[in-house]
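Geometric and topological summary
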Amino acid sequence: MSMAERTDIDDSETVSLHQRILSDIREKILSGTWAPGHRIPFEHELTAEYKCSRMTVNKALSQLAKAGLIERRRRSGSFVRQPQSQAAVLELHDIRIEVEALGLPYRYERLERLRRRSNVEDRALLGLSAAGSVLAVEGLHFAGERPFALEQRLINLSAVAEARDEEFLEIAAGPWLIGRVPWSEAEHRIRAVAADETIADVLDIDPGAPCLVVERRTWSAEHPVTHVRFIYPAESHTLVARFTPSQG
């Protein structure tokens, strides 16, 4: 065997090991096996486990850190990253906080839960390239006795497998996801709509009344996690963004 042929095989084996380490750790994080704050095995431990060079392990961990799944602390090691609670403009938080900030009692009621094979609309909303299992959950958030927001959510079960067995009767899907899945990117879309008969009935408002719709998609690394649509009666909800002048 020539030296060139040996080098090609070595490079292939290195790439394969790198991808294997990357996939193994990512799967443990996204499945919830390793919860936020869990310490990743040290580099020398992974080197021994996978029988590879420390450079290969370091490359995989660096990629996971860049994707936002882990954080690397000097002299302490690498840890599964704690879920982010804020975005640059809008927060990803529990609606309970919004309601309680108004001095009103909060209550959540699940309206519908359906696990299904994703359809064309589901894949478009989640940004999925192929069909798979999704969980559709609809719920209503109350402020006192009044409906505060209607939540319509899709969860990508290939990214959050443990959601398959969660009923979401005691807790809304939002805070449940924030507590389990470290998200790395989010997108918000905001628009106004007139309430149709169904929305008007759920929110206890007149048909045609203006509503504020906030749609959000979140990703963990490159994996779509969830798409959610919050529908608020416009007269009772305001979005506020506080920011400073950009530098340069």
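Residues numbered from 1 in each chain as written. Predicted model: local features only at pLDDT ≥ 70, side-chain atom pairs only at ≥ 80, totals over all residues. Heavy atoms only, no water.

Here's the deal with the overall build of the chain
Looking only at helices and strands, the chain features seven helices and eight strands. Within the chain, the proportion of its 248 residues that are buried is 41%. The contacts of the chain with a sequence gap of at least 6 include a subset with a gap of at least 24, amounting to 59%. Accessible surface, the chain as shown: approximately 14300 Å² in total, 49% of it carbon and sulfur. (Helix = DSSP H or I, 4+ residues; strand = E, 2+ residues; numbered from the N terminus. Buried < 20%, exposed > 50% of the residue type's maximum accessible area, 1.4 Å probe, protein only. Contact = heavy atoms within 4.5 Å. Areas by Shrake-Rupley, 256 points an atom, 1.4 Å probe, with all protein chains shown as cover.)

Considering the layout of surface pockets
One water molecule sets the probe size; rolling that probe over the atoms shows where empty space is left. Put simply, the second largest pocket is a space of about 270 Å³. Contributing to the lining of the second largest pocket are 15 residues, with Arg116, Ala136, Gln152, Leu154 and Arg229 lying nearest its centre. Contributions of two or more residues to the lining of the second largest pocket are made by β3 (106-117), α5 (120-126), β4 (133-143), β5 (146-156) and β8 (223-233). (1 Å grid on protein atoms, 1.4 Å probe; cavity = no way out; pocket = protein on both sides within 12 Å on 5 of 7 lines; lining within 4 Å. Points joined across faces, edges and corners; volume = space filled by probe spheres on them.)

Regarding the environment of Leu30
Inspection of the secondary structure puts Leu30 in helix α1 (residues 3-30). You can call Leu30 buried: its relative accessible area is 10%. Between the alpha carbons of Leu30 and His223 there is a distance of 9.3 Å; along the sequence they are 193 residues apart. Ignoring anything within four residues of it in the chain, the contact list for Leu30 reads Leu69, Ala159, Ser220 and His223.

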